[in-house]
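Topology and contacts: notes
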Amino acid sequence: MSNDFTAAKWYEIADDSVNLINGVNAGTWTGNDFATLTQAEKNALMQRNVDALTVILQQQVVIDDSGSKTSYTTAITTAETYISNNS
């Protein structure tokens, strides 16, 4: 990942993680051969997306952007709850 990314580019990447997290949580996610994953693998997938969102939210260009970051912080909480409930 490049430090030359705009906030919009970071948000585009973050939106992919939000979509995955929300889909997994809702039971509608079909990507990543999800149906064949063990619960431990599903939890790891969720954690990787939490980690990605955390890194994105720490980018200075994102910090400096005045746009709402609520969907990203909410997705992190959703994923952490999912992992906790399925551990």
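Shown above is the structure to which this text applies.
The structure contained in this document is the topic of the report that follows. (Residues numbered from 1 in each chain as written. Predicted model: local features only at pLDDT ≥ 70, side-chain atom pairs only at ≥ 80, totals over all residues. Heavy atoms only, no water.)

Comments concerning helix 4 (residues 70-85)
Here helix 4 contains 16 residues, and its C-alpha end-to-end distance of 22 Å stays within 8% of the 22 Å for a straight helix at 1.5 Å per residue. Residues Y72, A75, I76, T78, A79, Y82 and I83 constitute the buried set of helix 4. The buried side chains of helix 4 occupy one side of the element, clustering within an arc of 165° when seen end-on. Counted as exposed and oriented over 90 degrees from the buried face of helix 4: S84 and N85. (Helix = DSSP H or I, 4+ residues; strand = E, 2+ residues; numbered from the N terminus. Expected span 1.5 Å × (residues − 1). Buried < 20%, exposed > 50% of the residue type's maximum accessible area, 1.4 Å probe, protein only. Arc of directions from axis to C-beta.)

What to know about the packing of helix 1 (residues 7-26) against helix 2 (residues 39-57)
For the pair helix 1 and helix 2, the least separation of the axes is 10 Å and the interaxial angle reads 150°. Considering their axes alone, helix 1 and helix 2 lie roughly antiparallel with respect to each other. For helix 1 against helix 2, the interelement crossing comes out left-handed. In this structure, helix 1 uses W10, I13, A14, S17, V18, L20, I21, V24 and N25 to contact helix 2, whose residues at the interface are L45, M46, N49, V50, A52, L53 and I56. Among the residues forming the contact of helix 1 with helix 2, the class breakdown is 13 nonpolar, 3 polar and no charged. (Axes fitted to C-alpha atoms, helices over the stretch in contact; angles between N-to-C directions. Parallel < 35°, antiparallel > 145°, perpendicular 65-115°, else oblique. Left-handed = near helix turned anticlockwise from the far one by under 90°. Contact = heavy atoms within 4.5 Å. Nonpolar A, V, L, I, M, F, W, Y, C, P; charged D, E, K, R; others polar.)

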